[in-house]
4 protein chains.
Amino acid sequence: MGGLYMKAVVYQGNGVVKVQEVEKPTIIKADDAIVRVTTAAICGSDLHIIHGVLPVDPGTVIGHEFVGIVEEVGSAVTTVKPGDRVLSMAGINCGKCPTCRSRKVWACPNGGIFGNGPMFGNLQGVQAEFARVQYADEVLTKIPDQLEDEQVIFVGDILATGYLGITGVKPDDRGLIKPGGSVAIYGSGPVGLCTLAAAQIYGAAKIIMVDPLEYRLEMAGKMGADVLINPDKVDPVKAILEATNGLGAELAVEASGSDEALYNCIHSVCAAGTVNILGIVNKPIQLDFSKLIAKNITIEAGICNVIHTQELLDLISAARIDMMPIITHTMPLADAEKAYDIFDKRTDGVVKIILKP
Amino acid sequence: MGGLYMKAVVYQGNGVVKVQEVEKPTIIKADDAIVRVTTAAICGSDLHIIHGVLPVDPGTVIGHEFVGIVEEVGSAVTTVKPGDRVLSMAGINCGKCPTCRSRKVWACPNGGIFGNGPMFGNLQGVQAEFARVQYADEVLTKIPDQLEDEQVIFVGDILATGYLGITGVKPDDRGLIKPGGSVAIYGSGPVGLCTLAAAQIYGAAKIIMVDPLEYRLEMAGKMGADVLINPDKVDPVKAILEATNGLGAELAVEASGSDEALYNCIHSVCAAGTVNILGIVNKPIQLDFSKLIAKNITIEAGICNVIHTQELLDLISAARIDMMPIITHTMPLADAEKAYDIFDKRTDGVVKIILKP
Amino acid sequence: MGGLYMKAVVYQGNGVVKVQEVEKPTIIKADDAIVRVTTAAICGSDLHIIHGVLPVDPGTVIGHEFVGIVEEVGSAVTTVKPGDRVLSMAGINCGKCPTCRSRKVWACPNGGIFGNGPMFGNLQGVQAEFARVQYADEVLTKIPDQLEDEQVIFVGDILATGYLGITGVKPDDRGLIKPGGSVAIYGSGPVGLCTLAAAQIYGAAKIIMVDPLEYRLEMAGKMGADVLINPDKVDPVKAILEATNGLGAELAVEASGSDEALYNCIHSVCAAGTVNILGIVNKPIQLDFSKLIAKNITIEAGICNVIHTQELLDLISAARIDMMPIITHTMPLADAEKAYDIFDKRTDGVVKIILKP
Amino acid sequence: MGGLYMKAVVYQGNGVVKVQEVEKPTIIKADDAIVRVTTAAICGSDLHIIHGVLPVDPGTVIGHEFVGIVEEVGSAVTTVKPGDRVLSMAGINCGKCPTCRSRKVWACPNGGIFGNGPMFGNLQGVQAEFARVQYADEVLTKIPDQLEDEQVIFVGDILATGYLGITGVKPDDRGLIKPGGSVAIYGSGPVGLCTLAAAQIYGAAKIIMVDPLEYRLEMAGKMGADVLINPDKVDPVKAILEATNGLGAELAVEASGSDEALYNCIHSVCAAGTVNILGIVNKPIQLDFSKLIAKNITIEAGICNVIHTQELLDLISAARIDMMPIITHTMPLADAEKAYDIFDKRTDGVVKIILKP
C-alpha cells in the first residue's frame, strides 16, 4: 500500500461525500507523523458537515476518529516510532503554549480538528488510508498490544466527550456527580452511550436514558442504564422526577442537540444540580435566570478536551469500559458513501459505523 | 424595651414602608428563640419588595439581616441561651432533612427567608426590636466577644452571597478560581464588594470591578481591587480582555442584576471560564449555546446558601475580611423610611445602611 | 419479648463474653430513642476487646453494628418514630458542636462508640435485644422498605470504614484515587472487602487484594478483585509492582492490622501515592522520612467517620454495592459465645457473622 | 564573560566549596539551552552537600536556583530564544513521559536536579556564569519584563516547595487548608517563609511560625504571621493549641528538618488535620499509628514539584507574593565561599543569599 496517492472520503460540497484518490500526505514539520489508518469511524459531527452546519471547503478529506500504525515520523518526534500502533486525538494541539499547559488542549491556538474545516484549523481529515498528524508526541498514544482497534478508537473523540459529560467541561477532573448520584442523559446515540459508560465509572447509582429510538434505548439498557425513557411516549421531566423521589437528577447531560432536550435538562435537575450540554443546539435558547437562581443550577457547555487518554486506556484494559457494543456496522472505506447515508438516516439500527481502509 | 408591642419596619403595600408598633413575637415551638435585635441592615433584596418584584403581603415586618441578643429560647434549644450575642442566617432551615444534610440549606423544604413573603415561607422580618427565630440551633451562631455587631452582620446574608460568588453555588466548596486567577465583578454595590473580599481570600491575583457609580468604584479600589471599570466610559468587555492578556477572566460574577451585565460576563471569561450570576435578572436572556460550547463555559446562578459561617467568622476575627468600610450610614430604626429612600435612590454616597432599634 | 430485662452479649473480663439477662434500656434524654435490635453483627474491633487491646469494663454489653425497629423516642426526636426500621451509626454524635458541623462526627466531644468502653464514651453495646441510642436524629436513618437488614447493616460501621479507605480520612470526599487508578488492599477480611467495594465505586481499574487466607482471597475474586496475592506464597510488594507496570499502586490500604503489611503498603505505592491505614497497628512503627520525602507519599490513618449513609444507601439500593456475600454465618444471639469463638479463630471459612436477637 | 571557560562554585569534597574556572557548557542535544546566569542563590539543600548528607562528586558545579538570559538554544527548542530572560526549575524533566504527563515532574525518570549529585541525575549546577538546561521548553519560563530577577528567582525551587507545603505533595492542587484555616509552620527559614506566603494565598486565618532564631521570627511577623513561637522559650505544641482554641492547627508544616519538630507537628494538628514534611529528617522516626488512627491524621512528605510557575508569576506580578524581603545578602559569585560560610553558620542575620556572577 502507500505510494503517492491514496483513497479518502472527500467532501464535495452541497452535502455530498465521495471516496476519491487524493495525494498521500507527507512529513512537513519535524514534529509530524504520518499514520497509516487501520480503522476510522463516522462521527455525528461529520453529519454537521453534510448538513451544512459546519463549513468545510469542497475537496477536503473529512473524518476525525481513527487509529492506525505509524508509517514515518519527523526528526523531533520521540514518543512514537514507525510500526507503533497508535490512537489519535480527534484534533491536534501543540502541548507547549499556556493554554495547553493549563490542560485546555481543545482551545490551543495552534490546534484544530481533523477534517472540520476552516473554523477548526482547516486540517485534512482521517477517513483515508493515511493521515498527517502534527505535534505527534502530543496527539498520538501507543495502544497496549492486547487491545483491538475497535476497543480504543473512541478514546480520542466521543468517549472523551462522554467522559467530559461527567467530569465537567473544565480541565480539573472534579466530577459533576458524587458516588451514589443520579444522572439523566438526553440522547442514547454514540455520545450519550459514552456518557453512560462514564457515569458508571463515576459511581452513579441511577442512570436515566432518554431517547425516542427504541433500539437505542434498548442498547442503553444492555449497557446498564437503570431507567429508559422514550420522550415520545412519556413526559421525560415527569419521569425523571418520579425516578428521583421528586428531587430531580444531580446531573442532566444534553447529548442530542435538541433545544427541547436542553429545556428539559434544566427542569430535570435537583437543587444545586448541573446541566451539561454536549450536543450543539443551533438556535438561541431563552433562559429565565430569576428562576434558575432559586435552584442554584450550574449549566456547562463544552466540546471535547482530550486529556484523559491514559485513564481511559486503563479503564478499557481493565474491562471497566467497553464501547464495542455500540459498533453496529463495519464497512470498507470504499463504501463510505453508503455508510454516511445509513448513519444520517438512522436506518438499519445504526449506532456507530466503523470504516476499514 | 420589650413588652407586648415593639417597633418594626412594616410593609404597607404599593412600595411603602412604615415604622409601626406590632406585636412582639413569642416562642411557639420548642426549637424557637426570641432575639432582641441590636443591629439590622437594609439589603438590596428589600428593595425588590418595594419595587413590587418580590411579593410580600401588606402588614408584614420586613428585613432579614440582623444580629442581636438572645432573649428567650424554647426547651429543645441547646447551642444558644438567653444573653448570648448572636448572628443569624438571613433565613431558616431545619437542619435535619435530606436537603439540609446535603448542605443545601437554602433549599430546605421547611425553610424560608425572614420578611421575604409567601415565596419564602411567609416569615416575619427582622428590622424590628425583636425577632422570632425558628430552628434556633441551626440558624443562630454565637458572636466572638471581640467582634462588633457591624463586623459580623453581613455573615448571614450578603457576605455569604459574595462568598458563594467565588466558592460556587454548589455546596461543595470547590472554588471557582485557582490562586493567581483573575475575577471580573460586575457591580460594586454591597454584594459585589463582598465578592471582592471573597476573591482576595481565594488568592485572586487580578480583581476587576465594573460599576457606573464612581464612588462605589473608588470604594472597591480602597478595598484592594486591581482594575476599576466604569461601563459608562469604556467597553467593559474590551477592558477586561485587555487586563487579562486578551484571554478573559477566569471568573465573571454578575452582582448588579442587569441583563446587559450578564451578557458582558459571558464575553468576559476565558476558555473553560465560569460566569456566576448572583444578581436577579428579571427578563429572560437569550443564549446561543452553539457558541458557548466552543468556549467550554460554565454558567452558575444562585442564591445565598449560608454554610460558611464559622469560616467567615474566623476570617473576620483574623482581620482577613473587613466589610465595615461598606457601611456608609447608621440610622435609628425609627428613621427606616428615610433610610429606604436613600438606599433606593443611591444618594448620599450610600453603599450599606445599618438600622439601630 | 421486651419487659424490664433483655438478653445481651456481656463482656466478663479476661477475654470472656457471655449472653446474659440485663436491664432493658429506657429513654433518659429527650433526644434518645430505644431500638429493638433485629440484626446485629460481630466486628473485628469486638475482638480487640476480647484480646485486651481495647479496654472495656466487665459487665458492659458489647457490639456496635446493628439495625432494628424504633420502639420509643424522646420528645425532641423528629426524624424517626416508633415502628420505623432504622440503621444506626456504630457510635453517637451530637450533630451540633463545631466538630460535628465540620463533618468530623467520629471526633464529637459528646460522642462515643457503642460497647467500646471508657475510651469511647463508655456506652452500652448493641448485641442485645434493645439498644438506647442518644442523639437519635443524628445517629439513626430510616431503611428503604425494599432493602433487607443484611443489606444495610454494614453501612454504619465497616462499610463506612472501607469507604473511608477510598475517600480518605478527611471529611471532604476528595477520593484517594482517580478513575482508572490502581488500589492494593492488604487484608481481605470484612473491612478489606468493603474497601474493595468502595474502590469499584470510585472507578478503580485494578484492585489488588493481599491476604494469607485463600478462602478470603477467593471471595475477593468473586467480588471483582483483579489480582489476588497470598503473601505466604509470593512477595506482595514485588507482585504489586509487577501488576502496576513497575510503578506501584496509586493507593495502598492497610486493612489487616499488621505492622508488616503497613511497611509493605509504603513500598507498594507509586510516586505521589497514598497509604491509608485502617487497621490498628499496636506497636510503634519506624519510618524514614528522608526516603519517603523523595517519593512524595501521603500516609493517612483513620477510624470510621459515618458521613456517607445516604450515598451508601443509594448505592446499595441500585445494587452497585452488595456486601451480603461476606455474611458467612447467621446465628441466634443466644449463640454469641460460639460465634465469637469462630470469628476469633477464623474457622469455618468465616468472614462475617450476623447475630439474630 | 563567555569564552571556553567560566567561573563556577565547585564542590571539592569534604565539605569544601571553591570558586574555580571550569569549561563553559555547550549545547549537546536538540532540546538543550545554554543560559547565562544573571542571578543565583544558595539553598538549604546545598548545605546538605557540604554536610555530607547529599552525596556529590568532587569537581561538580553545585547550585540549583537561578535566573538568567538565554544564550543559545538547540534546534528543537521553540518556547524560548536567545536573549530571553528566563527562570528555571531547580531540576529538569522531559515533559513527555507518563510521569510528567501526570504532573509528577519531580519524579521524571529522565530528570534530575542541578548540582545535586548522582542521586539526582548527576547534573552540573548553576552557581556559575553559564548553565546547560536540558528539555529547555519544559524547564525554562520567560520572565515578565516588569519583574526583577530577585522577585522570581525562588519560583523554581523554594517558593515551589513552600507552595507544596500548602497545596499538598500530590499534583492535584487540592490545598491542605480551607479559607479561614490555621497553619503551624515549624521553621522560619527560607522554605518556612515561602510556606507562610503560600498560606496567605490560600486564605489561612491564623498562621503560626515556630523558630528558635528571633530575627527569623521577626521577619515572619513582618511578612504577616499571626503568632510567633520560640520553642526555646515556650512549648510550641502547647502554644499552638492555645492559639487554636485547644483544637490544634488544621495543618502543620515541618520546614526545619528536625525530628523533634516532626513529632511536634503531629501533636499540633486538629482531628483530621494534616502534617506536611518538607524538611529532610535524617533519622528514622517512630510513629504509633494506633494513636494517630483515632485522630484521623494525614502525614505527607515531599520534595519540590514545580508545576505552579505561571500561577506564582501571576501572584508575584500582582504583588500578592513578595519574597524579596527574605534576601538578606547579595554577594558576587566570586565570594561564594564566604557566602556558604555565612549561610551555614546562620550569622549576620542571614536568611537567603543571592550570588551575582
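Residues numbered from 1 in each chain as written. Chains lettered and ligands numbered in written order. Predicted model: local features only at pLDDT ≥ 70, side-chain atom pairs only at ≥ 80, totals over all residues. Heavy atoms only, no water.

**What to know about the overall build of chain A**
The number of helices and strands found in chain A is twelve helices and 18 strands. Expected size for 357 residues packed as a compact globule is a radius of gyration near 21 Å; at 20 Å, chain A falls within 12% of this value. With the C-alpha coordinates aligned to their principal axes, the bounding extent of chain A is approximately 65 × 40 × 40 Å. For chain A, the residues scored as buried account for 62% of the 357 residues in total. Taking all contacts inside chain A whose residues are at least 6 apart in sequence as the whole, residues at least 24 apart take part in 68%. Accessible area of chain A: about 12600 Å², with a carbon and sulfur share of 51%. Taking the average place of the 30 positive charges on the side chains of chain A and the average place of its 41 negative ones, the gap between the two points comes to 3 Å. (Helix = DSSP H or I, 4+ residues; strand = E, 2+ residues; numbered from the N terminus. Rg over C-alpha atoms; globule rule 2.2 N^0.38 Å. Buried < 20%, exposed > 50% of the residue type's maximum accessible area, 1.4 Å probe, protein only. Contact = heavy atoms within 4.5 Å. Areas by Shrake-Rupley, 256 points an atom, 1.4 Å probe, with all protein chains shown as cover. Lys, Arg positive; Asp, Glu negative; His and termini not counted. Charge placed at Lys NZ, Arg CZ, Asp CG, Glu CD.)

**Considering the relation of the copies chain C and chain A**
Superposition of the two copies of the chain requires a rotation about an axis and a shift along the axis. Superposing chain C onto chain A takes a rotation of 180 degrees combined with a translation of 0.0 Å along the rotation axis, leaving an RMSD of 0.0 Å. Such values leave the two copies arranged in the relation of a two-fold axis. The position closest to the rotation axis in chain C is occupied by the C-alpha of Tyr202 of chain C, lying 3.0 Å away. Of the interface residues in chain C, 100% have counterparts in chain A that sit at the interface too, so the contact is made through matching surfaces. (Least-squares fit on C-alpha atoms with pLDDT ≥ 70 in both.)

**A look at the sheet that holds strand β16 (residues 298-301) of chain A**
As a general point, the strands of a sheet are linked pairwise by backbone hydrogen bonds and lie either parallel or antiparallel. What the twelve strands build is an open sheet, ordered β12(A)-β11(A)-β10(A)-β13(A)-β14(A)-β16(A)-β16(B)-β14(B)-β13(B)-β10(B)-β11(B)-β12(B); its pairing is mixed. Strands at the two margins of the open sheet, each flanked by one partner only, are β12 (227-229) of chain A together with β12 (227-229) of chain B. Within the sheet, the average angular offset between the axes of one strand and its neighbour, ignoring direction, is 15 degrees. When strand β10 (residues 182-186) of chain A meets strand β13 (residues 249-254) of chain A, the two strands line up parallel, connected through four bridges. Note on β13 of chain A: the bridge partner recorded for Ala184 of chain A is Ala252 of chain A. Contacts from helix α6 (residues 190-201) of chain A reach β10, β11 (206-210) and β13 of chain A, with the element oriented near 175 degrees to β11 of chain A. Here helix α7 (residues 214-222) of chain B sits on the sheet in contact with β11 (206-210) and β12 of chain B, set at roughly 175 degrees to β12 of chain B. (Pairing = 2+ DSSP bridges. Axes fitted to C-alpha atoms, helices over the stretch in contact; angles between N-to-C directions.)

**Considerations on the side chain of Asn230 of chain A**
Residues and elements named next belong to chain A. Position of Asn230 relative to the elements: it lies in the loop between β12 and α8 (236-243). On the basis of relative accessible area, Asn230 is assigned to the buried category, the value being 7%. In contact with Asn230, not counting residues within four places along its chain, are Asp211, Pro212, Glu214 and Leu217.

**Observations regarding the relation of the copies chain A and chain B**
Here chain A sits on chain B after a turn of 180 degrees about the axis and a move of 0.0 Å along it, with an RMSD of 0.0 Å. A shared interface surface links the copies, since 100% of the contact residues of chain A are contact residues in chain B too.

**A look at the interface of chain A and chain B**
Listed per partner, the contact involves 39 residues of chain A and 39 residues of chain B. Summing both partners gives a buried area of about 3300 Å² for chain A against chain B, and 60% of it is carried by carbon and sulfur. Among the residues of chain A in contact with chain B, Phe289, Ile293 and Asn296 of chain A are the three that bury the most area, contributing 21% of the side total. Linking chain A with chain B are zero salt bridges. One can count 18 residue pairs in polar contact (both at pLDDT 80 or more) joining chain A with chain B. Taken together, the elements giving at least two residues each to the side of chain A that touches chain B come down to β14 (269-277), β15 (285-287), α10 (289-295) and β16 of chain A. (Buried area = accessible area lost by both parts, 1.4 Å probe. Salt bridge = Lys/Arg side-chain N within 4 Å of Asp/Glu carboxyl O. Polar contact = N/O pair within 3.5 Å; in protein donor to acceptor, adjacent residues only side chain to side chain.)

**Regarding the pairing of strand β1 (residues 5-13) of chain A**
Alignment of β1 of chain A against strand β2 (residues 16-23) of chain A, held across eight bridges, turns out to be antiparallel. Residue pairing across strands places Tyr11 of chain A opposite Val17 of chain A, the latter belonging to β2 of chain A.

**Examining helix α11 (residues 309-317) of chain A**
If you check which residues of α11 of chain A are buried, you get Thr309, Glu311, Leu312, Leu313, Leu315 and Ile316 of chain A. Two residues or fewer after α11 of chain A comes Ala319 of chain A, characterised by a positive phi angle close to 60 degrees.

**Considerations on the confidence of the model for chain A**
Overall, the predicted model of chain A reaches an average pLDDT of 96, with 99% of residues at or above 70. Listed scores for the predicted complex are pTM 0.96 and ipTM 0.95. (pLDDT = per-residue confidence, 0-100.)

**A word on the sheet that holds strand β10 (residues 182-186) of chain D**
In spatial order, the strands read β12(C)-β11(C)-β10(C)-β13(C)-β14(C)-β16(C)-β16(D)-β14(D)-β13(D)-β10(D)-β11(D)-β12(D); together these twelve strands make up an open sheet with mixed pairing. Looking along the sheet, the strands with just one partner apiece sit at the ends: β12 (227-229) of chain C together with β12 (227-229) of chain D. Between one strand axis and the next, the sheet turns through 15 degrees on average, direction left out of account. Of the strands in this sheet, β10 (182-186), β11 (206-210) and β13 (249-254) of chain C touch helix α6 (residues 190-201) of chain C, which is tilted by about 175 degrees from β11 of chain C. Lying on the sheet, helix α5 (residues 158-167) of chain D is in contact with β10, β13 (249-254) and β14 (269-277) of chain D; it crosses β13 of chain D at an angle near 150 degrees.

**Here we look at the interface of chain C and chain A**
Taken residue by residue, the interface counts 18 residues in chain C and 18 residues in chain A. Both sides of the chain C and chain A interface together cover about 1300 Å² of buried area, and 50% of this is carbon and sulfur. At the boundary of chain C with chain A, the tally comes to two salt bridges. Notably, a salt bridge pairs Asp226 of chain A with Arg320 of chain C, separated by 3.1 Å at the nearest N-O pair. At the boundary of chain C and chain A, one finds four residue pairs in polar contact (both at pLDDT 80 or more). When residues of the side of chain C that touches chain A are assigned to their parent elements, the largest contribution, three residues, is made by helix α11 (residues 309-317) of chain C. Within the side of chain C that touches chain A, the residues separate by chemical class into nine nonpolar, three polar and six charged. (Nonpolar A, V, L, I, M, F, W, Y, C, P; charged D, E, K, R; others polar.)

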